[in-house]
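Residue-level listing of the chains:
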Number of protein chains: 2
Amino acid sequence: MLEYVQLNEYKALMYARKLKHLFPAEAHLCCTEIGEGNLNLVFRIADKLSGQSIIIKQALPYPRVAPESWPLTLNRSQIEGQALKVQHTLCPDRVPKVHHSDPIMALTVMEDLPNHMILRKELLARKRYLHFASQIGAFLAGTLFLTSDFSLTSQQKKQQMVQFTNPDMCKISEDLIFSDPYFDAETNRFNPLIEDTVKEIWQHDPLLLEVAKLKHHFLTHSQALIHGDLHTDSIMVTEKDTKVIDPEFSFYGPAGFDIGTLFGSLLLSYVSQAGHCADLRERNDYQKYLLATVEEIWGHFTEQYEDLWGKCVNERTTAIPGTLDHVLHELLEDACGFAGCIMISRVIGLVRAADLESIKDPNLRAACERMALNIGQKLILERKQIRTVGDITSTAMLAADMI
Amino acid sequence: MLEYVQLNEYKALMYARKLKHLFPAEAHLCCTEIGEGNLNLVFRIADKLSGQSIIIKQALPYPRVAPESWPLTLNRSQIEGQALKVQHTLCPDRVPKVHHSDPIMALTVMEDLPNHMILRKELLARKRYLHFASQIGAFLAGTLFLTSDFSLTSQQKKQQMVQFTNPDMCKISEDLIFSDPYFDAETNRFNPLIEDTVKEIWQHDPLLLEVAKLKHHFLTHSQALIHGDLHTDSIMVTEKDTKVIDPEFSFYGPAGFDIGTLFGSLLLSYVSQAGHCADLRERNDYQKYLLATVEEIWGHFTEQYEDLWGKCVNERTTAIPGTLDHVLHELLEDACGFAGCIMISRVIGLVRAADLESIKDPNLRAACERMALNIGQKLILERKQIRTVGDITSTAMLAADMI
């Protein structure tokens, strides 16, 4: 195609038909739009004869809800396709395979995951996934170590930094995670019942200072090619498998941001359980499982990271005693602070946590939201005192109990 | 020109003649090669009638000394020309004006500074320049603040980061400042008389860990468009004026690196005085002047930086109490550590400090070099305890006295 055309089911099917090698000549294709997203169209094209299927994901030039609100760069589709390819090279089992990218149509044709479920929904249904922590830990270690200066030559890394320069998507994160939730911004959408707590946050100078430091960290630390949006909506699971999708926010940023986004997202699920499960014992059990998952992810992450570190030959400083401990300690501290920012932003800001939004009773929801805000603040303010991942989970547990 | 041709005096004159508007039609041009550098050719083209003159600086594809050693990117010439233009916009009086850039010929045609002297030589001759500290302080504040995320929009900043991606020159700094001096690398060139001290450094694990952290900082912190090589050879002075030249190492890096390079360079002059001035009182007086200059630079820098900060409207976080103090404190700590790295690298590594090299008596030189290594180590190891610039100068004074 020579210019951008927005796909519908028919056009998506026609597009897939033209791509060689994807389906056999005798294929009997059908197409269904399956996306629920606001920013992208997602189509599944399946061959009824063979059962084979693929996904076409196309970026929209504006949000479907509130199209007049702000224009979105179509370039994010190319970033996403390239990030998936890099991640697939580093962790082949953890991301869908890309079959085709089309920068003009702003679309990516990729492996379908028909049996995978969105992790966020599974957690709200209190499902447990035995392999998730080890698989996501390995994904984090692989992507965050192997794209860093410890693994790449500085020339390779700087070239990738240019390739993954993603200013428009970064700007969305900068505004919606680090800026707008901390003052009376038009973009904010919070439950009126928690207005008092939100206003306290806006007046809390020591908190605002720490968030400013974390924002500056996000703006200036080019440590690794990060996913950039690794909440539980960007993770799909089956009993045996974990896949990470949607890296359209990918750029060279602070490595602790992905870990922090994931921790923050799991802790949002943690605080939401009270709104979804009336059985106290069942709820407590599942909340323990969620905190144990945070700890296990960090455990598997560090194990894999240490393993890759030990094999590293590119960078002499990796052999100096204490370097690895220092790097892991900084990652944990950053992850802790970023987790706090994610939690606060998803309660006060424009992009809502579906875990909380789906709690019907506004008072119950407000109680859960206050818990999230309290944990978020503690994680931000106390991140310099964090020594182990257990400090993060016990901080979360204590802060939740205080509400 | 369609391809790179190495200039000589005749070719440089012909090149200048073809450029419109630089000289009047009746000009009587003559050309002299004035460069002493190893990596570039520098020609002065003067009109004998009007007295007007310009400089043509051309990058060489290899070092003049040891051409087989390593190839050099010609792209550095373009980076230099662009950096001069940005710096000229921000601090018009502090850098030579660029008249013309030629990416294929890898050359920049710029304002001549016929009456300016290289600062390093002036300091070894114990000259004092009354306006230097305030003028370089303003240059540092202007360039480091106005190219940062505090001043630019994040989109502008990310665009400049791409423009100033400078992997080959960064690699030289990474290797020669942060890596090679800390092990028995082939590139090292140190006085055999200090071999014992050098070997102690190679075995000093806590120091190696701190240098590894600073190296990682240099590799990953994209805070501002830095000069990248701001030692006293890159600064030219008259009684009334200060000009900063040669930003071919320019890239988006840690803002503290420029300040640290300058401090380290002034402290190298400090330790060298013993090798150049036999009169103890005169020497002590001048050393005090050098330390006072370090303190004054920081004072003027912070004053100007605070002024620009106060005028900033782009970034909300600048209004949060404590942010400015935090930023300045981090800058000082980073500057302290980088100053230490510069001092050690210029004693052990390939790129030598002319201040020390020019001391003829090898034993006297060794004593000064040990002083430099001792100060450098202290600045690196104690940077986290630094609270004021006075802590840096007193650390330097104490460490020098211990030798």
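Everything that follows concerns the structure shown earlier in this document.
For every chain, the first residue of the written sequence is number 1, and numbering continues from 1 along that sequence. Chain A is the first chain written and ligand 1 is the first ligand written, with later ones labelled in order. At least 70 in pLDDT is required for a residue's local features to be given in this predicted model, at least 80 for side-chain atom pairs to be given and counted, and no such filter applies to totals for whole chains, interfaces and linings, which use all residues. The basis for the side-chain values is all heavy atoms of the structure; hydrogens and waters are excluded.

Asks: Just to check I follow, could you spell out the overall build of chain A for this structure?
Replies: Under the scheme used here, helices are H or I runs from DSSP no shorter than 4 residues and strands are E runs no shorter than 2 residues, and both carry numbers assigned from the N terminus. Assigned secondary structure in chain A consists of 14 helices and 10 strands. Taken against the 2.2 N^0.38 rule, which gives 22 Å for 403 residues, the C-alpha radius of gyration of chain A at 21 Å falls within 12% of a compact globule. Its C-alpha atoms give chain A principal-axis dimensions of roughly 65 × 55 × 40 Å. Burial classes: relative accessible area under 20% of the type maximum marks a residue as buried, over 50% as exposed, and values in between as partly exposed (1.4 Å probe, protein chains only). Across the 403 residues in chain A, those meeting the buried criterion constitute 59%. In this description, contact between two residues means that some pair of their heavy atoms is separated by no more than 4.5 Å. Once local pairs closer than 6 in sequence are excluded, the contacts in chain A between residues at least 24 apart make up 74%. For the accessible areas, the method is Shrake-Rupley and the probe is 1.4 Å, while residue cover comes only from the protein chains on display. When the accessible surface of chain A is summed, it comes to about 16,300 Å², and 53% of that surface belongs to carbon and sulfur atoms. Between the centroid of the 40 positive side chains of chain A and the centroid of its 52 negative side chains there is a distance of 3 Å. The size measure is the radius of gyration over C-alpha atoms, and the globule rule it meets is 2.2 Å times the number of residues to the 0.38 power. Here the positive residues are Lys and Arg and the negative ones are Asp and Glu; neither His nor the chain ends is included. Positions of charges follow a simple convention, taking NZ of Lys, CZ of Arg, CG of Asp or CD of Glu.

Asks: What am I meant to see in unusual backbone geometry here?
Replies: Leaving glycine out, the prevailing phi sign among residues is negative, and the prevailing peptide bond configuration is trans. Even without being a glycine, Asp 246 of chain A presents a positive backbone phi close to 60 degrees. For Asp 246 of chain A, the location among the structural elements is in the loop between β9 (242-244) and β10 (251-253). For Asp 246 of chain A, a relative accessible area of 23% gives the class partly exposed. For Ala 106 of chain B, which is not glycine, the phi torsion reads 55 degrees and is therefore positive. With respect to the helices and strands, the residue Ala 106 of chain B is situated in the loop between β4 (98-102) and β5 (107-111).

Asks: Can you help me understand the sheet that holds strand β1 (residues 29-33) of chain B in this one?
Replies: For sheets, the rule is that strands pair by backbone hydrogen bonds, running either parallel or antiparallel. Residues and elements named next belong to chain B. Taken in spatial order, the five strands line up as β1-β2-β3-β5-β4 in an open sheet, and their pairing is antiparallel. The open sheet terminates on both sides in strands that have one partner only, identified here as β1 and β4. In this sheet, adjacent strand axes meet at a mean angle of 20 degrees when their direction is disregarded. Think of it this way: DSSP has to see at least two bridges between two strands before they count as a pair. As defined by bridge partners, β1 adjoins strand β2 (residues 40-47) across five bridges and the pair is classed as antiparallel. Across the sheet, residue Glu 33 finds its bridge partner in β2, namely Phe 43. Only the stretch in contact is used when fitting a helix axis, every axis being a line fitted to C-alpha atoms; angles between N-to-C directions are given from 0 to 180 degrees.

Asks: Mind showing me how you'd approach the sheet that holds strand β1 (residues 29-33) of chain A here?
Replies: All names here are of chain A. Across the sheet, which stays open at both edges, the five strands sit in the order β1-β2-β3-β5-β4 with antiparallel pairing between neighbours. Each edge of the open sheet is held by one strand with a lone partner, namely β1 and β4 (98-102). Sheet twist, expressed as the average angle between the axes of neighbouring strands with direction ignored, equals 20 degrees. Alignment of strand β2 (residues 40-47) against strand β3 (residues 53-59), held across seven bridges, turns out to be antiparallel. Looking across to β3, one finds that Ala 46 is bridged to Ser 53. With respect to the sheet, helix α1 (residues 9-18) is in contact with β1, β2, β3, β4 and β5 (107-111), its orientation differing from that of β1 by roughly 135 degrees.

Asks: Explain the relation of the copies chain A and chain B here, please?
Replies: Note on the chain copies: they are related by a rotation about an axis and a translation along it. Between chain A and chain B, which share one sequence, the superposing operator has a rotation angle of 180 degrees and an axial displacement of 0.0 Å; the RMSD is 0.0 Å. As the rotation angle and translation indicate, the two copies are arranged about a two-fold axis. Every residue of chain A has its C-alpha some distance from the rotation axis, and the shortest such distance is that of His 221 of chain A, at 2.4 Å. Taken together, the interface assignments show that 100% of the residues at the interface of chain A recur at the interface of chain B, consistent with an identical surface on both copies. The copies were overlaid with a least-squares fit restricted to C-alpha atoms from residues scoring a pLDDT of at least 70 in each copy.

Asks: For this particular structure, what's the right way to read the packing of helix α11 (residues 323-348) of chain B against helix α13 (residues 362-381) of chain B?
Replies: Relative placement of two packed helices is described by the angle separating their axes and the distance separating the axes. All names here are of chain B. Relative to each other, α11 and α13 sit at 150 degrees, their axes nearing to 7 Å. Relative to α13, α11 is oriented roughly antiparallel. Seen from above, α11 lies across α13 with left-handed handedness. Counting all contacts with α11, which are made through Cys 336, Gly 337, Ala 339, Gly 340, Cys 341, Met 343, Ile 344, Val 347 and Ile 348, the residues of α13 involved are Glu 369, Ala 372, Leu 373, Ile 375, Gly 376, Gln 377, Leu 379 and Ile 380. In terms of residue class, the contact of α11 with α13 is built from 12 nonpolar, four polar and one charged. Note that the term roughly parallel is reserved for angles under 35 degrees, roughly antiparallel for angles over 145, roughly perpendicular for angles of 65 to 115, and oblique for everything else. Each crossing gets its handedness from the near helix: less than a right angle anticlockwise from the far helix is left-handed, clockwise is right-handed. Any residue that is not Ala, Val, Leu, Ile, Met, Phe, Trp, Tyr, Cys, Pro, Asp, Glu, Lys or Arg is counted as polar, Gly included; the first ten are nonpolar and the last four charged.

Asks: Just to check I follow, could you spell out the pattern of salt bridges for this structure?
Replies: Oppositely charged side chains can pair when the atoms bearing their charge come close. Salt bridges are defined by distance alone: a side-chain nitrogen of Lys or Arg within 4 Å of a carboxyl oxygen of Asp or Glu. One pass over the full model with this rule turns up 47 salt bridges over all chains. Notably, a salt bridge pairs Asp 149 of chain A with Lys 157 of chain A, separated by 2.8 Å at the nearest N-O pair. Lys 157 of chain A carries the same exposure label as Asp 149 of chain A, and that label is buried. Residue Arg 120 of chain B is joined to Asp 355 of chain B by a salt bridge in which the shortest nitrogen-to-oxygen separation is 2.2 Å. Here Arg 120 of chain B, found in helix α3 (residues 119-124), pairs with Asp 355 of chain B, found in helix α12 (residues 354-357); they are 235 residues apart in sequence, far enough to count as distant. Taken individually, Arg 120 of chain B and Asp 355 of chain B each receive the classification buried, so the pair is uniform in this respect. Three or more residues joined by partner-sharing salt bridges are found here, namely Arg 352, Glu 357, Arg 365 and Glu 369 of chain A.

Asks: Is there a simple way to think about the environment of Pro 24 of chain B in this case?
Replies: Residue and element names in this part refer to chain B. Considering the arrangement of structural elements, one finds Pro 24 in the loop between α1 (9-18) and β1. Using a relative accessible area of 30% as the deciding quantity, one classes Pro 24 as partly exposed. Along the chain, Pro 24 and Tyr 305 lie 281 residues apart, while their C-alpha atoms are 41 Å from each other. Setting aside residues no more than four positions away along its own chain, Pro 24 makes contact with Asp 47 and Gln 52.

Asks: How should empty space enclosed by the protein be read in this particular structure?
Replies: Regions of empty space are outlined by a rolling probe, equal in size to a water molecule, passed over the atoms. Only protein atoms enter the 1 Å grid, on which a cavity is a set of points fitting a 1.4 Å probe that cannot get out and a pocket is an open set with protein on both sides within 12 Å along at least 5 of 7 lines, lining residues being those with an atom within 4 Å of a point. Grid points are joined across faces, edges and corners, and a volume is the space filled by probe spheres set on the points. Applying the stated rule across the entire model yields five cavities of 30 Å³ or more. Lining of the largest cavity is provided by 28 residues; of these, Met 161, Thr 165 and Ser 222 of chain A together with Met 161 and Ser 222 of chain B occupy positions nearest its centre. Every element with two or more residues in the lining of the largest cavity is listed here: α5 (154-163), α8 (205-220) and β10 of chain A together with α5 (154-163), α8 (205-220) and β10 (251-253) of chain B. Taken together, the residues of the lining of the largest cavity sort by class into 15 nonpolar, 11 polar and two charged.

Asks: Whenever I open this one, the packing of aromatic side chains confuses me. Can you help?
Replies: Aromatic ring pairs are described here by two measures, namely the spacing of the ring centres and the angle between the planes. Only centres within 6.5 Å qualify two rings of Phe, Tyr or Trp (six-membered ring in Trp) as a pair; their planes then separate them into stacked at under 30 degrees, edge-to-face at over 60, and tilted for everything else. Applying the stated criterion to the full structure yields 30 aromatic pairs over all chains. The interplanar angle of 40 degrees and the centroid separation of 6.3 Å between the aromatic rings of Phe 178 of chain A and Phe 257 of chain A together place this pair among those described as tilted. Highlighted residues: Phe 178 of chain A in helix α6 (residues 167-179) and Phe 257 of chain A in helix α9 (residues 256-276), separated in sequence by 79 residues. For the pair Phe 178 of chain A and Phe 257 of chain A, one class covers both residues: buried. Ring centres of Phe 145 of chain B and Trp 309 of chain B lie 6.1 Å apart, and the angle between their planes is 55 degrees; this geometry places the pair in the tilted category. You can see Phe 145 of chain B sitting in helix α4 (residues 132-146) and its partner Trp 309 of chain B sitting in helix α10 (residues 280-311), a full 164 residues away along the chain. The exposure classification of Phe 145 of chain B matches that of Trp 309 of chain B, with both residues buried.

Asks: Would you take a moment to explain the environment of Pro 181 of chain B for this structure?
Replies: Relative to the helices and strands, Pro 181 of chain B resides in the loop between α6 (167-179) and α7 (195-203). Those residues in contact with Pro 181 of chain B that sit more than four places away from it in its chain are Asp 175, Leu 176, Asn 188, Trp 202, Ser 345, Ile 348 and Gly 349 of chain B.

Asks: For this particular structure, what's the right way to read the interface of chain A and chain B?
Replies: By a widespread convention, an interface's size corresponds to the accessible area lost as its parts come together. Facing 35 residues of chain A, the contacting portion of chain B comprises 35 residues. When chain A packs against chain B, close to 3,200 Å² is buried across both sides, 66% of that on carbon and sulfur atoms. For any pair of parts, buried area is found by adding up, for both, the accessible area (1.4 Å probe) each one loses once the two are put together. The largest per-residue losses of area from chain A upon contact with chain B belong to Gln 155, Lys 158 and His 216 of chain A, which jointly make up 15% of the total buried on that side. Between N or O atoms, a polar contact is any pair within 3.5 Å; within protein, one atom must be a potential hydrogen donor and the other a potential acceptor, and residues adjacent in sequence are included only when both atoms are from side chains. In this structure, the connection of chain A to chain B is made through 12 residue pairs in polar contact (both at pLDDT 80 or more). Counting only elements with at least two residues in the side of chain A that touches chain B, the list comes to α5, α6, α8 and α11 (323-348) of chain A.

Asks: Where do I start with α4 of chain B in this structure?
Replies: Every α-helix winds through 3.6 residues per turn, so residues three or four apart in the chain are directed the same way. Residue and element names in this part refer to chain B. One less than the residue count of a helix, multiplied by 1.5 Å, gives the span that helix is expected to have. Counted at 1.5 Å a residue, the expected span for α4 with its 15 residues is 21 Å, and the 21 Å between its end C-alpha atoms agrees. Most of α4 is tucked away, with 12 of its 15 residues classed as buried. When we look at burial in α4, the residues that qualify are Phe 132, Ala 133, Gln 135, Ile 136, Gly 137, Phe 139, Leu 140, Ala 141, Gly 142, Thr 143, Leu 144 and Phe 145.

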